[in-house]
Amino acid sequence: MHRDAPSSAFRPQNSTWSQRLAARMRRDSIRVKAVLSKLRFIKGGFDLSDLKPVVTQGQTISVEDLQSPLASGLDEGSGEYFVSVGVGTPSRTINLVADTGSDVVWQQCSPCSNCYQQVDPLFNPAASSSFQQLSCSSQLCSQLRTRGCQSNQCLYQVLYGDGSFTVGVFSTETLQFGSNSVQNVAIGCGHNNQGLFVGASGLLGLGGGPLSFPTQVGSQYGSVFSYCLPDRLTSQASALIFGPSAVPAGSIFAPLVSNPVTDTFYYVGLTGIRVGGVPISVSSGAFQLDSSGNGGVILDSGTAVTRLVSSAYNAMSDAFRANTGSLPAASSVLIFDTCYDLSGHQSVRLPAVDLEFEGGAVVPLPANNLLVQTDDSGTFCLAFAPSDDNLSIIGNIQQQSLRISFDKQQGRVGFASNQCN
């Protein structure tokens, strides 16, 4: 469920449309900057002086205690979508940020030396018979990019782009999804956590790295999962599905593209965009991922607004404006420069926008995914923005109401309409 859904416990109370949008765009800008920061770090641009000593259960883990290679985590902001998961034995339900741009699964735990406020009660590992701490020599511990050791207990640390972090004991635990349980899932039990997670109990890492949840359960569920992101205006939740049934019949498939420097993000082979049935004019290399891991296009559940490299965004927005000349224009709002005053309209006709992928796949975007309402007065803006980098990101506004499946074994991502139940 989206955090701003009307029935969501995470939705700010007594807030206006403009206030919620402004807060969302602040989170979105932080998110995009953090994605870029993580990629720069992976390619060798991380400064160890940025790492500050942090404390877990009264003990300080200094930079010197952490084994290299060190990794910067993503600044999740507050997270955009949340998933309800049962944790422990007996199982208790918590809400985690569902994030395709992160790998490590973690939750806040008691006792907590420093925890941000969450909606659910803190998880008490002593009350769970299935909670097991991992030793420093365990294989799962060795897969952490940032780790420490204390009394032969494996410690994890994830650092975030704005100085936020989670630190604690790396463990295994049982997770419950509906009536199905998965045992021995590697999960961080955070005793010292700080950041802008706004009510969530932690994070469910859905990335492609070795410690992400889909990778951990890959042998059991075929390394495939799917989600359908509900519209932020609906209170209806949608299922996060693991296993072969996650891919509905009639899906349109596009290839996943491998980045040689990171396996966390899901890169897709976008080749072009059509507006009103006409391809926009963009260079052949605008969306390509090079051999050094630069550029490319990722699908990201945590970024709201799609970012396109500037040349592609300019061509796309120009084409969109050319096809909507009959609609009354409005002034720019926040990061949006293509806006309309639709206060006197019950409905409008918009040009079709299609994404073109390698192999000939064409994915039409639902009309509701093209504009975002920016205030209570009927101002709507094109829900795309230019990227400050050569990386493009397909955000969750454009993914809404499509069931998107990720199949690492077959190296493809699927798109299906009307499959959100």
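The present account deals with the structure reproduced in this document. These numbers come from a predicted model, not from an experiment. (Residues numbered from 1 in each chain as written. Predicted model: local features only at pLDDT ≥ 70, side-chain atom pairs only at ≥ 80, totals over all residues. Heavy atoms only, no water.)

1. Some points on the overall build of the protein
Right, so step 1: Looking only at helices and strands, one finds 6 helices and 29 strands in the protein.
Right, so step 2: When the 421 residues of the protein are sorted by exposure, 55% land in the buried category.
Right, so step 3: For the protein, restricting intrachain contacts to residue pairs at least 6 apart in sequence, the fraction spanning at least 24 positions comes to 69%.
Right, so step 4: Here the protein displays about 16800 Å² of accessible surface, and carbon together with sulfur accounts for 47% of that area. (Helix = DSSP H or I, 4+ residues; strand = E, 2+ residues; numbered from the N terminus. Buried < 20%, exposed > 50% of the residue type's maximum accessible area, 1.4 Å probe, protein only. Contact = heavy atoms within 4.5 Å. Areas by Shrake-Rupley, 256 points an atom, 1.4 Å probe, with all protein chains shown as cover.)

2. A few points about the sheet that holds strand β24 (residues 371-373)
Right, so step 1: Strand order in the open sheet formed by 4 strands is β20-β21-β25-β24, with antiparallel pairing between adjacent strands. Each edge of the sheet is formed by a strand with only one pairing partner; in this case those strands are β20 (329-330) and β24.
Right, so step 2: Across 3 bridges, the pairing between β24 and strand β25 (residues 379-382) is antiparallel. Of the residues in β25, the one forming a bridge with Val372 is Cys381.
Right, so step 3: Relative to the sheet, helix α5 (residues 310-322) contacts β21 (339-341), β24 and β25, its axis offset from that of β25 by approximately 135°. (Pairing = 2+ DSSP bridges. Axes fitted to C-alpha atoms, helices over the stretch in contact; angles between N-to-C directions.)

3. Some thoughts on the state of the cysteines
Right, so step 1: Using the criterion set out here, one finds 6 disulfides in the structure.
Right, so step 2: Here Cys112 engages in a disulfide with Cys115; their sulfurs sit 1.6 Å apart. Disulfide Cys112-Cys115: the torsion about the S-S bond is 95°, which places it as right-handed.
Right, so step 3: A relative accessible area of 26% means that Cys112 is categorised as partly exposed.
Right, so step 4: When the bonded cysteines of the protein are numbered from the N-terminus onward, they pair as 1-8, 2-3, 4-6, 5-7, 9-12, 10-11. (Disulfide = S-S within 2.5 Å.)

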